[in-house]
Amino acid sequence: MADLFKINITYSTSHMLFPKIVMGILAVLAITIVIQELKKKKECKADEKKCFFIEGFDKVKLFGSLILFVGYIFAMEWTSFLPASIVFMMLFNLLYAGWHSKKSIIVSAVISVFTPLLVWYLFGIVFNITLP
Amino acid sequence: MFEIGILHIAVALMGVVVGIVFGAIPGMTATMALAIFLPLTYAYDLHVSLYLLLGLYVGGISGGLIPAILINIPGTPSSITTTFDGYPMARRGEGERALRIGITSSLFGGLFSLAVLWFFTPPLARMAIKFSAVEKFLIIVFAMTVIAALSKGNMSRGIFAGFLGVMTALVGTFNDNNMIRLVPEFLRVELIYGFSLLPVLIGLFAISQVFEEAEACMLTNRVSGGLLDKKVKKFSFKDLKGNFINIVRSSAIGTFMGILPGVGGSAASILAYAQTKNFSKKPEELGKGAVEGLVSSESANNGLTGGALVPLLSLGIPGDSTTAILIGAFMLQGIQVGPLFITQNPDIWNTILLALLVCNFLMFFAMFFPIKLISKIIMVPNCRLYPIIILMCVVGAYAINSGVMFDVWTLLLFGIVGYLFGKIRLPIPPYLIGFILGRDLEKYFIDALKGSNGYLSVFFSRPIGNVVWVLIALSIIYAIYDNRKTAKTA
């Protein structure tokens, strides 16, 4: 009986002991959630069609953010923090605030030059923190 | 006896202000601020350095509440629970009030832990050192019961997310046998130590929010329905009336968690929040902008400051990574911290107490009065604020391990994970709590089992442990009851 409540810890495989326990718990919980969802679906039937994105979602901004973020990381690897940040801050600002009015573009340019410069000076130079 | 002068107060103020800035930027922590300023202390004597370093420490822990309340991004891991009630308050237009409540609670938490440090250092250290892996494991489990309490009405999803977080934490090398697990072959170098906490945290909270906002065209107002024009509730110290027991309980939990070496500081505010929910007269209000929740989170995370110094000064063991750097400061000056520290260096001991007191008040004044200015951040339009947030997050994620680009990829990855979680209705806070506590949970579980030849009965073999079991059971029963009640009313 006592053996039921005993776990043998083998040195060479001990790194997988806890992950296996957690995986077991996750599997049980996943089954529970699926059953609950099926029950709910039966109750309210499929009268409302669920959509992954919210209604009228902004394709350009959402996927644009993702692409710009990836581009930003690559740009930092290729060049360095300051030029990459100035360029991509500008692109992020244009993407989010638009490029239709002159005033908006000027504000974008000012933000994208001064913020990276300030961050670079304060953290990179004054505090000597490693920047990309 | 002790040292204090204009120079001391000036460096303490500088420390506090710089600390607040570091705390307020997601990805920058009190630990980082201390590490940067440690070399500066070569130039000063120990007393002046202590004012500077403790200022940075107190400021760094406190600053995290600003972005947590105003933009729903915890500035430090220990301010996760601050977002639960602070942000809903800010959305109601009560950002200024929430900040003031948070700051005042921080002051109380700091002072409470100072009192504990002063009076109870020797006996408490003796008690905490008796805690074995069993008690530590059970305390982590106890802290995890907050997951159940947080995900009411949706408990199975919340617990699932929590264990998914634990699973994510297990990625990387297992320290006992140095084997790498759950890592794809091509990422063996990058993930050898698993994912770093801060890029994961910022990704889940900040970058996922950027994606959600981008999807919604950057049009969401952070303050709902023009509430700013109408009369909103202003802060008064009466707000804290009725919260006295809550403050004392949360500060005590924070302080005690700080004392336990090896138990992460973020567990403190999580545990305190869970207990506030359990004891609350209106538990359904928590998470929707309740003063109680905010008070509990902030008093607990500042309770840490004094608590973490207890094992440092009495046993020479740092309670968290920040105090580990403080040990460095003592070593630079040739002073040994340990059981004889207080008797051999009474003047330094008194300076520490006084410096902590001064820094807590400086923190209060440095944040309380300029708050009107700080809270204006909420008025900045999203389309201008988010690019800056992205920039700060990238800098923070990159700098946390002194320049690892993989951490920036981690930031993006968990930004996407957080965004997808929102889509499949998996709650993010339980996931993050699981991630934070996962490694400790495994370590103490395995340690306890190793000590007992694998017999599970070891978890019921210790008196303090059994008390924690009762608390765990009560916490879970309450969460189930609360969950049913919510499901019925929904």
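Treat the numbers as computed from the prediction; the structure is a model and nothing was measured.

Take the overall build of chain B next. Tallying secondary structure elements over chain B gives 19 helices and two strands in all. The C-alpha atoms of chain B give 22 Å as radius of gyration, which agrees with the globular expectation for 490 residues (23 Å, within 12%). Viewed in the frame of its principal axes, chain B has a C-alpha envelope of about 60 × 60 × 50 Å. For chain B, buried positions account for 59% of its 490 residues. In chain B, the share of contacts with a sequence separation of at least 24, taken over all contacts with a separation of at least 6, comes to 78%.

On to the overall build of chain A. Scanning chain A for helices and strands turns up four helices and zero strands. Overall, chain A shows an N-to-C arrangement of helices and strands of α-α-α-α. Taking 14 Å as the expected radius of gyration for a compact globule of 132 residues, we find that chain A reaches 26 Å, considerably beyond that expectation. Overall size of chain A, expressed as C-alpha extent along the three principal axes, is 75 × 55 × 20 Å. Taking all 132 residues of chain A together, the buried fraction comes to 23%.

Another point: the interface of chain B and chain A. Each side of the interface is counted separately: chain B has 49 residues, and chain A has 49 residues. Of all elements in the fold, only α7 (155-170), β2 (179-181), α8 (197-215), α16 (382-399), α17 (405-423) and α18 (428-451) of chain B reach the threshold of two or more residues within the side of chain B that touches chain A. With 10 residues, α16 of chain B is the single largest residue contributor to the side of chain B that touches chain A. Its residues assigned to classes, the side of chain B that touches chain A shows 35 nonpolar, six polar and eight charged.

Further remarks concern the confidence of the model for chain B. Residues and elements named next belong to chain B. Per-residue pLDDT for chain B has a mean of 84; in total, 92% of the residues score no lower than 70. Averaged pLDDT values over the elements of chain B bottom out at 76 in helix α12 (residues 321-332) and peak at 95 in strand β1 (residues 172-174). Low pLDDT (under 50) marks residues 224-230, which in the prediction has seven contacts with non-local residues, meaning those over four places away or in another chain. The ipTM assigned to the predicted complex is 0.94, against a pTM of 0.82.

Moving on, we come to the domain arrangement of chain A. One widely used convention gives an interface's size as the accessible area the parts lose upon coming together. Domain parsing of chain A yields domain 1 (2-47) and domain 2 (59-126). Measuring from the centre of the C-alpha atoms in domain 1 of chain A to the corresponding centre in domain 2 of chain A gives 44 Å.

Now for unusual backbone geometry. Residue and element names in this part refer to chain B. A positive phi angle is found at Ser402, which is not glycine, with a value near 55°. If you trace the backbone, Ser402 turns up in the loop between α16 and α17. The class for Ser402 is exposed, based on 10 C-beta atoms found within 10 Å.

With that settled, consider the environment of Leu117 of chain B. Position of Leu117 of chain B relative to the elements: it lies in helix α5 (residues 80-129). Excluding residues within four positions of it along the chain, Leu117 of chain B makes contact with Gly306, Leu309, Val310 and Leu353 of chain B.

Residue and element names in this part refer to chain B. Mapped onto the elements, Phe108 comes out in helix α5. For Phe108, a count of 23 C-beta atoms within 10 Å puts it in the buried group. Here the alpha-carbon distance between Phe108 and Phe361, two residues 253 residues apart in the chain, equals 9.9 Å. When neighbours within four sequence positions are excluded, Phe108 is seen to be in contact with Ile247, Ser251 and Ser299.

An α-helical turn contains 3.6 residues, so any two residues separated by three or four positions project in the same direction. In a regular helix each residue adds 1.5 Å, so 19 residues correspond to 27 Å; α17 of chain B covers 28 Å between its end C-alpha atoms and thus fits that length. Every buried residue belonging to α17 of chain B is among Asp407, Val408, Thr410, Leu411, Leu412, Phe414, Gly415, Gly418 and Tyr419 of chain B, and all of these are buried. Its buried side turned inward, α17 of chain B meets α2 (59-78) of chain A together with α8, α16 and α18 of chain B. One or two residues past the end of α17 of chain B sits Arg425 of chain B, with phi positive at roughly 55°.

Moving on, we come to the packing of α7 of chain B against α18 of chain B. Residue and element names in this part refer to chain B. Contact geometry for α7 and α18: axes closest at 6 Å, N-to-C directions at 50°. The angle between α7 and α18 falls in the class oblique. The chirality of how α7 crosses α18 is right-handed. Of the residues in α18, those in contact with Gly158, Ala161, Gly162, Phe163, Leu164, Gly165, Val166, Thr168, Ala169 and Leu170 of α7 are Pro430, Tyr431, Leu432, Ile433, Gly434, Phe435, Gly438, Arg439, Leu441 and Glu442.

Conventions used here
Residues numbered from 1 in each chain as written. Chains lettered and ligands numbered in written order. Predicted model: local features only at pLDDT ≥ 70, side-chain atom pairs only at ≥ 80, totals over all residues. Helix = DSSP H or I, 4+ residues; strand = E, 2+ residues; numbered from the N terminus. Rg over C-alpha atoms; globule rule 2.2 N^0.38 Å. Buried ≥ 20, exposed ≤ 12 C-beta atoms within 10 Å, placed from the backbone. Contact = placed C-beta atoms within 7 Å. Nonpolar A, V, L, I, M, F, W, Y, C, P; charged D, E, K, R; others polar. pLDDT = per-residue confidence, 0-100. Domains from an automatic or database assignment. Expected span 1.5 Å × (residues − 1). Axes fitted to C-alpha atoms, helices over the stretch in contact; angles between N-to-C directions. Parallel < 35°, antiparallel > 145°, perpendicular 65-115°, else oblique. Left-handed = near helix turned anticlockwise from the far one by under 90°.

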